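The chain contents come next:
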Amino acid sequence: MKAINKTCDSFRKLRESDSYYIDKTMILNEYLSKPSDNVILFARPRRFGKSLTMTMFRDFLDIRQDSKEIFKGLKIMECQDIVDNYMNQYPVVFLSLKAVFGNNFNDVFRNFQIAISNICIEMNDLLDSDKIIASTKRFFERLLDRMAEQPDTEQSLALFCQMLKKRYGKPAYVIIDEYDVPMAKALGTEHYDRTRDMIEHMLSHVCKTNDDVKAVILSGCLYTVKNSIYTGVNNISHYSVLSPKYATSIGFTDGDVRKLLGDAGLEDRYDTVEEWYDGYLFGRDKMYCPWDVLCYVSSILDGTYDEDQGPQSHWVNTSEVSLSLIRSFFGKTAGVNESFEQLLAGKTIDCVVNEYLTYHSIHESGENLWSVLVETGYLTKTIKGRPLLMPLKIPNRSVQLAFRIEVWNFFRDKVENAYVRDLVSALWAGETNRAEDALNQILEATLSFYHEYHEYSYHLILDGFFTGMGYRVLSEIETGYGRSDLIILDLARQRCMVLELKHEKEEKGMKAALKEASSQIIKKKYESRLKYEGYVHRLQYAMAFCDKKSLIVPVEKK
């Protein structure tokens, strides 16, 4: 099998290095065979392959390249009309905005100038063309030297298209990768409005009717420029994770994953990959996160995979903007808290998803939070259609772990770490009285988080604490003859504990609830799986809760 280069987002570099590649070139045929969209946005979560797709468009279209070799053997080469009419037939302006951010607007603008200057360096030979007048060349040189003022810099893409049209006699494709990163990074800062206006003004110059522009192709997470004051920005054709069109073009399909695992000789890992990295429904199609799947397969092939620790959430750590959104809503209102509980319990919530959400309106309502989490990959719809009220869920184990870690982060700010350490050490030591005291202190500190306690409220707190402290937590997983609430595994694979939780509305029912939980652990043989897996030190606890009071008893092995 060819080497997996999971970090490369340049199509040409990936192909020239002879790295492993899942063929996604038919998006070129889908788009170019019916080019009715003058301005198009492919909206997908981070790490789903947007940049690789954008550079593939560039390398296929760019008249300044010879791309036959890097597309050799790929599906698009079977589409002869598309190859004849488009392959290396048009000038291209390619801009990535993924590095355009900063601590203030001056930094943002400076990084924007650098990105534009880099384009000038790539097209510096245009200064030698006698078809381009001197004043235009002087404008170009100011951009190259990073000396142009903001209004001129915002018009730079339109200038490049004009120069390319003069030089080659054909209008240019404008391809902008991660167009919304500057707005996402500036969210919540004083320079957000100026950053948004700068990007929208730039887009306006190329998105409005312009004879120098063949088409504009954008990639990003959100359609954040709807109802802009700038002419031309409102005519973007938007294809999000809810759109059936292009649904399978960016990201891995089930067939893609099966092929990858087959090529790697890992067919027996399919169920694990499906459980951890599948679960997305784009349009009407089942999809996987490519980054997670490639990282997982690569770790097995290079020997860095830890069987004791199990699969990891590779993708969630790459999207700090989305994580900050979760943190900003977490614990604010009873409705949002309860919905988080339902999601973490594996249930669905119903929401009206707004595909046209702008970054500055995200915090206006809880509904907006769920919408942006759908667009950024933290939630997915559960049905193929697009009803007004859409059922949403956490797509897979990888994303669920991200939510659980955020629960830990939230509670960690509210609870003394000493209480958490006491709880954990007391449970491992079998000291139930000390464990009860620590847990009651924790409940006292976190009670205000919930409008009303449910069994899963306590489940969520314990899950978050153990996950945050680095233990492997199995939540409601099948074992013995049923599903235990929580299984805590020490990564050294020497000790583990089973926790069965019960909630009572009245304190007088707590002792009976303890007996029920204890009986359930024994009758359903929850520890059988752990014994089979070689855990020597196995602890079992029944826990009963009523408001901020807890009772804990050890369950003896039978």
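In this report, we go over the structure that sits alongside the text. As the structure is a prediction and not an experimental result, all values here were calculated from the model.

### Remarks on the pattern of salt bridges
Next up, step 1: Per the counting criterion, the structure on display carries 28 salt bridges.
Next up, step 2: Between Arg269 and Glu307 there is a salt bridge, with the nearest N and O atoms lying 2.7 Å from each other. Residue Arg269 is found in the loop between α12 (254-263) and α13 (270-277), and its partner Glu307 is found in the loop between α14 (290-301) and α15 (320-329); the two are separated by 38 residues along the sequence.
Next up, step 3: Among the residues examined, Arg269 registers a relative accessible area of 17% and is labelled buried.

### So, the sheet that holds strand β1 (residues 39-43)
Next up, step 1: The strand order across the open sheet built from 5 strands is β2-β3-β4-β1-β5, with neighbouring strands paired in parallel fashion. At either margin of the open sheet sits one strand with a lone partner, and together these are β2 (92-96) and β5 (237-239). Looking at each pair of strands side by side, their axes are set apart by 15° on average, direction ignored.
Next up, step 2: Pairing geometry for β1 and β5, over 3 bridges, is parallel. Bridge pairing in β5 links Phe42 to Tyr239.
Next up, step 3: Each of β2, β3 (172-177) and β4 (213-220) is contacted by helix α9 (residues 156-168), which is oriented at about 155° to β2, the strand it contacts most.

### Here's the deal with helix α19 (residues 417-429)
Next up, step 1: Counted at 1.5 Å a residue, the expected span for α19 with its 13 residues is 18 Å, and the 18 Å between its end C-alpha atoms agrees.
Next up, step 2: Among all positions in α19, only Val420, Leu423, Val424, Ala426, Leu427 and Trp428 are buried.
Next up, step 3: Within two residues after α19, Gly430 carries a phi angle of roughly 80°, on the positive side.

### Some thoughts on the sheet that holds strand β7 (residues 280-282)
Next up, step 1: With antiparallel pairing, 3 strands are arranged side by side in an open sheet as β6-β8-β7. Of all strands in the sheet, those with a lone pairing partner are β6 (252-253) and β7, marking the two edges.

### Things to note about unusual backbone geometry
Next up, step 1: In this structure, Tyr246 takes a positive phi of about 65° despite not being glycine.
Next up, step 2: Mapped onto the fold, Tyr246 is located in the loop between β5 and β6.
Next up, step 3: Taking relative accessible area as the criterion, Tyr246 reaches 2% and is therefore assigned buried.
Next up, step 4: Positive phi outside glycine occurs at Glu476, with the angle close to 50°.
Next up, step 5: Relative to the assigned elements, Glu476 resides in the loop between β12 (472-475) and β13 (478-479).

The rules behind each value
- Residues numbered from 1 in each chain as written.
- Predicted model: local features only at pLDDT ≥ 70, side-chain atom pairs only at ≥ 80, totals over all residues.
- Heavy atoms only, no water.
- Salt bridge = Lys/Arg side-chain N within 4 Å of Asp/Glu carboxyl O.
- Helix = DSSP H or I, 4+ residues; strand = E, 2+ residues; numbered from the N terminus.
- Buried < 20%, exposed > 50% of the residue type's maximum accessible area, 1.4 Å probe, protein only.
- Pairing = 2+ DSSP bridges.
- Axes fitted to C-alpha atoms, helices over the stretch in contact; angles between N-to-C directions.
- Contact = heavy atoms within 4.5 Å.
- Expected span 1.5 Å × (residues − 1).

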